[in-house]
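Now for the letters of each chain:
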Amino acid sequence: MGAAAFALTAEGGRFSAHGAPSGGFAALDPDEAGRRGITLFGIGDVQFGPADLLRLTAGALAEAAAGRLRPVVGEVFALEKAAEAHAAIEGRQSVGKVLLRR
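Bear in mind the structure is a predicted one, so any value in this text is a computation, not a measurement. (Residues numbered from 1 in each chain as written. Predicted model: local features only at pLDDT ≥ 70, side-chain atom pairs only at ≥ 80, totals over all residues. Heavy atoms only, no water.)

Undergrad: Teacher, can you tell me more about the overall build of the chain here?
TA: The helix and strand tally for the chain stands at four helices and four strands. Starting at the N terminus and ending at the C terminus, the chain contains elements arranged as α-β-α-β-α-β-α-β. Taking 13 Å as the expected radius of gyration for a compact globule of 102 residues, we find that the chain reaches 17 Å, considerably beyond that expectation. For the C-alpha atoms alone, the extent of the chain along its principal axes is close to 50 × 35 × 25 Å. A burial count over the chain gives 11% of its 102 residues as buried. In the chain, 47% of the contacts between residues at least 6 apart in sequence involve partners at least 24 apart. (Helix = DSSP H or I, 4+ residues; strand = E, 2+ residues; numbered from the N terminus. Rg over C-alpha atoms; globule rule 2.2 N^0.38 Å. Buried < 20%, exposed > 50% of the residue type's maximum accessible area, 1.4 Å probe, protein only. Contact = heavy atoms within 4.5 Å.)

Structure follows, in structure tokens:
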């Protein structure tokens, strides 16, 4: 899936790969990224120290409190259907957050 997503990345865009749900990371051509002006990021690029983490968290919470940051909720499941919620996540069937409600 990563290689397909990379192909859709806009010229001059950013591409971030942080997981390997299909068993491995997609092999990306850094030369192609360079030709297209795409900046590649990996998990190492988002490891923050305590001070940065505190600053970034405070900023995100302030944006949410001001109504400028809203999560995308893909599906809501009753708590009794938690197994179905997990299956939707694992099967990559949902876009956005999956929530459980009582």
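Undergrad: Sorry if this is basic, but what is going on with the environment of Ala-85 here?
TA: As for its placement among the helices and strands, Ala-85 is situated in helix H4 (residues 82–90). Classification of Ala-85 by relative accessible area gives buried; the value is 3%.

Undergrad: How do you make sense of the pairing of strand E4 (residues 97–101) when you look at a structure like this?
TA: In summary, the side chains of a regular strand alternate between the two faces of the sheet. Relative to E4, strand E3 (residues 73–78) runs parallel, the two sharing five bridges. Across the sheet, Val-73 pairs through a bridge with Lys-97, a residue of E4. Since E3 and E4 lie parallel, the crossover through H4 that links them has a hand, and here it is right-handed. (Pairing = 2+ DSSP bridges. Right-handed = clockwise from strand over helix to strand, strands pointing away.)

Undergrad: So what exactly am I meant to see when it comes to the packing of aromatic side chains here?
TA: What characterises a pair of aromatic rings is the spacing of the ring centres plus the angle enclosed by the ring planes. Counted by the stated rule, this structure contains one aromatic pair. With centroids separated by 5.4 Å and ring planes inclined at 85 degrees, the aromatic side chains of Phe-6 and Phe-15 adopt a geometry described as edge-to-face. Here Arg-36 stacks its cationic end above the ring of Phe-6, 5.2 Å away from the centre of that ring. (Phe/Tyr/Trp six-rings, centres within 6.5 Å; stacked < 30°, edge-to-face > 60°. Lys NZ or Arg CZ within 6 Å of the ring centre and 35° of its normal.)

Undergrad: Explain the pattern of salt bridges to me, please; I cannot follow it from the model alone.
TA: Pairing between side chains becomes possible if they bear opposite charge and their charged atoms approach one another. Counted according to the given criterion, the structure contains five salt bridges. Where Arg-36 meets Glu-32, a salt bridge forms, and the shortest distance between an N and an O atom there is 3.2 Å. A residue pair is termed a helical-turn pair when its members lie 3 or 4 positions apart in one helix, as Arg-36 and Glu-32 do in helix H2 (residues 30–36) at four residues. Salt bridges sharing partners connect three or more residues here, namely Glu-11, Glu-32 and Arg-36. (Salt bridge = Lys/Arg side-chain N within 4 Å of Asp/Glu carboxyl O.)

Undergrad: Hey, could you run me through a nonpolar patch on the surface in this one?
TA: On the surface, a cluster of nonpolar side chains totalling about 430 Å² of accessible area is made up of Ile-43, Val-46, Phe-48, Leu-53 and Leu-56. Mapped onto the elements, Val-46 comes out in the loop between strand E2 (39–41) and helix H3 (50–65). (Patch = residues over 30% accessible without salt bridge, like charges linked within 9 Å, V, L, I, M, F, W, Y side chains within 5 Å. Areas by Shrake-Rupley, 256 points an atom, 1.4 Å probe, with all protein chains shown as cover.)

Undergrad: Would you take a moment to explain H3 for this structure?
TA: An α-helix turns once every 3.6 residues. As a result, residues three or four positions apart point the same way. For H3, with 16 residues, the first-to-last C-alpha span of 22 Å sits near the 22 Å given by 1.5 Å per residue. Positioned one or two residues after H3, Gly-67 has a phi angle of 80 degrees, which is positive. (Expected span 1.5 Å × (residues − 1).)

These values are about where atoms sit, not about what they do.
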